[in-house]
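The primary structure of each chain is shown beneath.
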Amino acid sequence: MRPSFRPYRFWPSLLLPALLTLVACGGQPLQAPRATAGTAAATRATAPRWIVATTPAGLSRAARDAVGAVVVDRIPALGVLVMQGDAPDLPRRLASLPGVRWVEADGPVRAAREPAFRGLSLLAADDLLPQLWGMEAIGARRVWATTPGDRAVKVAVIDTGIDAAHPDFSGRVEAGRDFINQDDDPSDDDGHGTHCGGTVAAGLGNGGVVGVAPGVTLLAVKVLDGEGGGTFVSVSAGIVHAADRGAR
């Protein structure tokens with residue numbers, strides 16, 4: 001297949017599941033500043049990031065060096081490198097290299113929310129069940145009479161993280177990965193992921209709201225920061241991580 005350069009198109013096959021709760025922001029990628037001696041580190045910090053999909057044979061380091069590209073991240077399971085450089089035509093030069101399938105710009109994603117969402121968390125009182133229109137519409141009560149969900153079922157919340165200490169989750173949150181701070185603490189510093197986790201699995205019979213499957217296990221994967229923002233790469237890496245951890 002001929003390599004291609006797709007600068008402003010995100011990966012639909014990878015990000016479609018995440019777009020149920022995320023929306024991609026439009027706009028052009030950041031432009032790299034003019035490179036001067038001693039500014040290499042600053043250039044890497046501010047230059048656009050390019051997603052480079054490679055063939056099984058891969059892209060040689062010599063070829064990367066020849067076009068002035070630096071690997072700043074990678075998703076091995078997808079055969080993807082994330083690269084930066086200060087050459088103005090870097091993406092087209094990358095796309096022309098042997099071992100490259102396609103190149104596109106990494107871009108931003110943001111949590112979809114109502115304007116007044118900030119600070120919203122799960123409410124602490126199942127007396128709110130009659131107000132949960134969706135639960136009544138899908139007949140959730142009839143399902144709960146048979147099963148509220150099994151802890152062996154793992155549902156990944158790929159979002160801003162989850163507040164695992166929230167009483168509505170009662171020890172049913174498994175810590176995944178934080179792809180924003182690059183650590184193993186996917187705590188929620190925004191609230192959106194906790195809210196979405198509650199929609200999935202807030203506890204039954206302990207007051208407040210109830211989730212669709214209040215007995216399942218949640219896998220917290222943080223791909224958005226405290227402002228609800230992330231990138232195509234952070235979300236894609238989170239999806240791969242969730243699958244590797246057993247979320248289906």
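Predicted model only: the values in this text are computed from it and were never measured.

**Topic: the pattern of salt bridges**
Here is step 1 of the chain: Counted by the stated rule, this structure contains eight salt bridges.
Here is step 2 of the chain: Asp89 is the partner of Arg93 in a salt bridge, and the nearest nitrogen-oxygen pair spans 3.9 Å.
Here is step 3 of the chain: The class for Asp89 is partly exposed, based on a relative accessible area of 36%.
Here is step 4 of the chain: Between Lys154 and Glu174 there is a salt bridge; the shortest N-O distance is 3.2 Å. In this pair, Lys154 sits in strand β8 (residues 154-159) while Glu174 sits in strand β9 (residues 173-178), placing the two residues 20 residues apart along the sequence.
Here is step 5 of the chain: Using a relative accessible area of 24% as the deciding quantity, one classes Glu174 as partly exposed.
Here is step 6 of the chain: Where salt bridges share partners, they join Lys154, Glu174 and Arg245 into one cluster.

**Points about helix α8 (residues 232-244)**
Here is step 1 of the chain: Taking 1.5 Å per residue as the helical rise, α8 with its 13 residues ought to reach 18 Å, and the 18 Å between its terminal C-alpha atoms agrees with that figure.
Here is step 2 of the chain: The element α8 is largely enclosed, with a buried count of ten among its 13 residues.
Here is step 3 of the chain: Within the sequence span of α8, burial applies to Phe232, Val233, Ser234, Val235, Ser236, Ala237, Gly238, Val240, His241 and Ala242.

**A word on the pairing of strand β4 (residues 70-75)**
Here is step 1 of the chain: Bridge count between β4 and strand β5 (residues 80-84): five bridges; the pairing is antiparallel. Bridge pairing links Asp73 to Val82 in β5.
Here is step 2 of the chain: Between β4 and β5, which follow one another and run antiparallel, lie four residues, and Gly79 among them has a positive phi close to 65°.

**Let's talk about the nonpolar core**
Here is step 1 of the chain: Of all hydrophobic cores here, the largest spans 21 residues; its most connected members are Ile51, Ile75, Val221, Val223 and Ala242.
Here is step 2 of the chain: Ranked by residue count, the leading element in this core is α8, at six residues.
Here is step 3 of the chain: Within the second largest apolar cluster, 16 residues are counted, among which are Trp50, Leu59, Ala63 and Leu81.

**Quick notes on the pairing of strand β7 (residues 108-111)**
Here is step 1 of the chain: Side chains Val109 and Ala111 of β7 all project onto a buried face; the interleaved residues Pro108 and Arg110 project onto a face where none is buried.
Here is step 2 of the chain: Relative to strand β11 (residues 229-231), β7 runs antiparallel, the two sharing three bridges. Considered in β11, the bridge of Arg110 is made with Gly229.

**Observations regarding the sheet that holds strand β10 (residues 217-222)**
Here is step 1 of the chain: Strand order in the open sheet made by the three strands is β8-β10-β9, with parallel pairing throughout. Each of the sheet's edge strands pairs with one partner strand only, and the pair in question is β8 and β9. The mean inter-strand angle of the sheet, taken between neighbouring strand axes irrespective of direction, is 20°.
Here is step 2 of the chain: Here helix α7 (residues 192-201) sits on the sheet in contact with β8 and β10, set at roughly 155° to β8.
Here is step 3 of the chain: With respect to the sheet, α8 is in contact with β8, β9 and β10, its orientation differing from that of β8 by roughly 170°.

**Things to note about the side chain of Asp188**
Here is step 1 of the chain: As for its position among the elements, Asp188 is in the loop between β9 and α7.
Here is step 2 of the chain: Notably, Asp188 is buried but unbridged: the nearest opposite-charge side chain belongs to Lys222, and the N-O separation is 5.2 Å.
Here is step 3 of the chain: In terms of polar contacts, Asp188 uses its side chain to reach the side chain of Thr194, at 2.7 Å.
Here is step 4 of the chain: In this view, Asp188 contacts Thr160, Gly161, Ile162, Asp163, Gly193 and Thr194; residues no more than four positions away in its chain are not counted.

**Observations concerning unusual backbone geometry**
Here is step 1 of the chain: With a phi close to 35°, Ser170 is a non-glycine residue in the positive phi region.
Here is step 2 of the chain: Position of Ser170 among the secondary structure elements: in the loop between β8 and β9.
Here is step 3 of the chain: On the accessibility criterion, Ser170 (44% relative accessible area) is partly exposed.
Here is step 4 of the chain: At Gln182, a residue that is not glycine, the phi angle is positive and equals roughly 55°.
Here is step 5 of the chain: Among the structural elements, Gln182 can be located in the loop between β9 and α7.

Cut-offs and rules
- Residues numbered from 1 in each chain as written.
- Predicted model: local features only at pLDDT ≥ 70, side-chain atom pairs only at ≥ 80, totals over all residues.
- Heavy atoms only, no water.
- Salt bridge = Lys/Arg side-chain N within 4 Å of Asp/Glu carboxyl O.
- Buried < 20%, exposed > 50% of the residue type's maximum accessible area, 1.4 Å probe, protein only.
- Helix = DSSP H or I, 4+ residues; strand = E, 2+ residues; numbered from the N terminus.
- Expected span 1.5 Å × (residues − 1).
- Pairing = 2+ DSSP bridges.
- Core = buried A, V, L, I, M, F, W, Y, C linked by side-chain atoms within 4.5 Å.
- Axes fitted to C-alpha atoms, helices over the stretch in contact; angles between N-to-C directions.
- Contact = heavy atoms within 4.5 Å.
- Lys, Arg positive; Asp, Glu negative; His and termini not counted.
- Polar contact = N/O pair within 3.5 Å; in protein donor to acceptor, adjacent residues only side chain to side chain.

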